[in-house]
Amino acid sequence: MAKIYLTRRIPEEGIRLLEENHEVEIYEGDAPPPKEEIMERVRDKEGLLCLLTDPIDRDVFDAAPKLRAISTYAVGYDNIDLKEATRRKIPVSNTPGVLTETTADLAWALIMSIARRIVEGDKMMREEKFKGWGPMVLLGNDVYGKTLGIIGAGRIGRAVARRAGGFGMEIIYHARKRKPDFEEECNAKSVGFEELLKKSDYVTLHVPLTKETYHMVGEKELKMMKKTAYLINTARGKCIDERALVNALREGDIAGAALDVFENEPYLTEGLKELDNVVLAPHAGSASIETRTKMAVMAARGLIAGLDGKMPEHCVNPEIFGEKT
Ligand code: NAP
């Protein structure tokens, strides 16, 4: 029976699958385990099911001489040193697709919340500061008929764009390559990065975190945006230079931001939480019961396949099986 380490308890359906034929050890803490804890626990393990909060770097690989398969309970895998995994011929699998619609829903929840000042309104009600309907009370901005700028037209970016149809929005997007099928489906127009920043009323990020996307929105990019525009991030915190964002929000360079992910998660950059023109969510993009359950099953299946010496259905380093990336 292969030994498996889970860095956190995931929905029961996934654990049951793993326990059918493997010896499973689970970290039971509420917060992510310290790296030293992971290194200690993986010493005798052949399988590792980790979360996006766990840095799976060379130290962890060195501490796990028996490791044969890794599965991450997320679609993004920027926390894993993929090069090192590949060099050691360890398959890494993720959970794409099953969380697309749920994450797109959250991006829309953020768009609506920041545009219509829902969080500020909620606070006003709870603090009993609402004195009755008033012509100038908490005026926000329209969403209907505005321009939505999608950065990264992959699964989630496209799902966000599809929802914009109901809001009569003009959709522009920036991608490394044009996506004719997306253009046809959503009436989306491909534009350069700068043009997207200059034209959009809502800029929403849907790229993976890579060397190219690290701090892709910083001071210069924020200054290119309209003063009335909003920045939405459900991708990864490090895609935005958060210090530059705090300054831009303070100076009124943009109207607001709604963030599900943070540069130094779970910590907030100084100044962010004092601002009213920002909505903050606790990295909850995929946080629905149905989706987290599907992710658990998919992550478990990926790990089991890897341990069985088969290529997992969603393998992010298929080259170790002689397949193209
Ligand atoms: P995906 O289908 O792989 O889409 C990512 C898209 O980004 C691809 O179309 C890719 O373009 C594009 N891209 C990559 N680098 C780019 C660059 N430098 N400039 C412009 N576009 C670039 O991934 P997904 O399933 O939509 O997920 C996207 C990301 O969302 C994940 O990597 C993850 O970090 C994040 N996420 C967050 C949550 C949350 O809880 N907030 C939940 C799920 C996912 P090509 O097609 O040209 O390669």
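Anything mentioned here points back to the structure above.
Reading the values: rules and limits
- Along each chain, residues carry numbers from 1 onward, in the same order as the chain's sequence is written.
- Per-residue local features of the predicted model are confined to residues with pLDDT of at least 70, and side-chain atom pairs are confined, for both listing and counting, to 80 or more; whole-chain, interface and lining totals are unaffected and use all residues.
- Where side-chain values are given, they derive from all heavy atoms of the structure, hydrogens and water being excluded.
- By definition, any uninterrupted DSSP run of H or I lasting at least four residues is a helix, any uninterrupted run of E lasting at least two residues is a strand, and each is numbered from the N terminus.
- In this description the radius of gyration comes from C-alpha coordinates, and the expected globular size is given by 2.2 Å times residues to the power 0.38.
- By definition, residues are in contact when any of their heavy atoms lie within 4.5 Å.
- By the counting rule applied here, Lys and Arg register as positive and Asp and Glu as negative, while His and the ends of each chain are not counted.
- Note that the charge is assigned to NZ on lysines, CZ on arginines, CG on aspartates and CD on glutamates.
- By convention in these notes, a residue is near a molecule or strand provided one of its non-hydrogen atoms lies within 4 Å of it.
- Pairs of N or O atoms within 3.5 Å make up the polar contacts considered here, provided that, within protein, one atom can donate a hydrogen while the other can accept it, and that residues adjacent in sequence are counted only when both atoms are side-chain atoms.
- With residues, only the protein chains shown are counted as cover, and all accessible areas are computed by Shrake-Rupley using a 1.4 Å probe.
- Under the scheme applied here, ten amino acids are nonpolar (Ala, Val, Leu, Ile, Met, Phe, Trp, Tyr, Cys and Pro), four are charged (Asp, Glu, Lys and Arg), and all others, including Gly, are polar.
- By disulfide we mean two sulfur atoms from cysteines, separated by a distance within 2.5 Å.
- Burial status follows relative accessibility: with a 1.4 Å probe on protein chains alone, a residue under 20% of its type maximum counts as buried, one over 50% as exposed, and anything between as partly exposed.
- Any two strands with at least two DSSP-identified bridges between them are counted as paired.
- Only the stretch in contact is used when a helix axis is fitted, and all axes are lines through C-alpha atoms; the angle between N-to-C directions ranges over 0 to 180 degrees.

1. Looking at the overall build of the chain
So, point 1. A tally of regular secondary structure across the chain gives 12 helices and 12 strands.
So, point 2. The C-alpha atoms of the chain give a radius of gyration of 21 Å, which matches the 20 Å a tight globule of 325 residues would have.
So, point 3. Its C-alpha atoms give the chain principal-axis dimensions of roughly 70 × 50 × 35 Å.
So, point 4. Restricting the contact set of the chain to residue pairs at least 6 apart, pairs at least 24 apart contribute 59%.
So, point 5. If you average the places of the 48 positive and of the 53 negative side-chain charges in the chain, the two averages end up 3 Å apart.

2. A word on the site of the ligand
So, point 1. The environment of the ligand is formed by 24 residues, the closest being Arg 155, Ile 156, Arg 176, Lys 179 and Asp 260.
So, point 2. Backbone polar atom of Gly 285 to an oxygen atom of the ligand: 3.2 Å apart, as the coordinates give it.
So, point 3. When the free accessible area of the ligand is taken as 940 Å², the share hidden by the protein chains comes to 86%.
So, point 4. Partitioned by chemical class, the residues of the shell around the ligand number eight nonpolar, 11 polar and five charged.

3. Some remarks on the state of the cysteines
So, point 1. Taken as a whole and judged by the stated rule, the model has zero disulfides.
So, point 2. In this model Cys 50 remains outside any disulfide bridge; the closest cysteine sulfur is found in Cys 315, 13 Å from its own.
So, point 3. Judged by relative accessible area, which is 0%, Cys 50 ranks as buried.
So, point 4. The class of Cys 315 is buried, set by a relative accessible area of 14%.

4. Quick look at the sheet that holds strand 4 (residues 69–72)
So, point 1. Spatially, the five strands line up as an open sheet ordered 2-1-3-4-5, and their pairing is parallel. Across the chains shown, the open sheet's two edge strands, defined by having one partner strand only, are strand 2 (22–26) and strand 5 (92–93).
So, point 2. As defined by bridge partners, strand 1 (residues 2–6) adjoins strand 2 across five bridges and the pair is classed as parallel. If you follow Tyr 5 over to strand 2, its bridge partner there is Glu 25.
So, point 3. Its contacts with the sheet place helix 1 (residues 12–21) against strand 1, strand 2 and strand 3 (47–50), and it is angled at close to 135° to strand 2.

5. Thoughts on the sheet that holds strand 6 (residues 147–151)
By way of backbone hydrogen bonds, the strands of a sheet pair with one another, either parallel or antiparallel.
So, point 1. The sheet built from seven strands is open, its strands ordered 8-7-6-9-10-11-12 with parallel pairing. Two strands bound the open sheet, and with one partner strand each, they are strand 8 (188–190) and strand 12 (278–280). The mean angle between the axes of side-by-side strands here comes to 20°, regardless of whether they run parallel or antiparallel.
So, point 2. The pairing of strand 6 with strand 7 (residues 170–174) spans five bridges and is parallel.

6. Notes on unusual backbone geometry
So, point 1. The omega torsion across Glu 265 and Pro 266 is 5°, close enough to zero to call that bond cis.
So, point 2. You can see Pro 266 is positioned in the loop between strand 11 (256–259) and strand 12.
So, point 3. Although it is not a glycine, Glu 128 adopts a positive phi angle of roughly 55°.
So, point 4. Secondary-structure assignment places Glu 128 in the loop between helix 6 (118–126) and strand 6.

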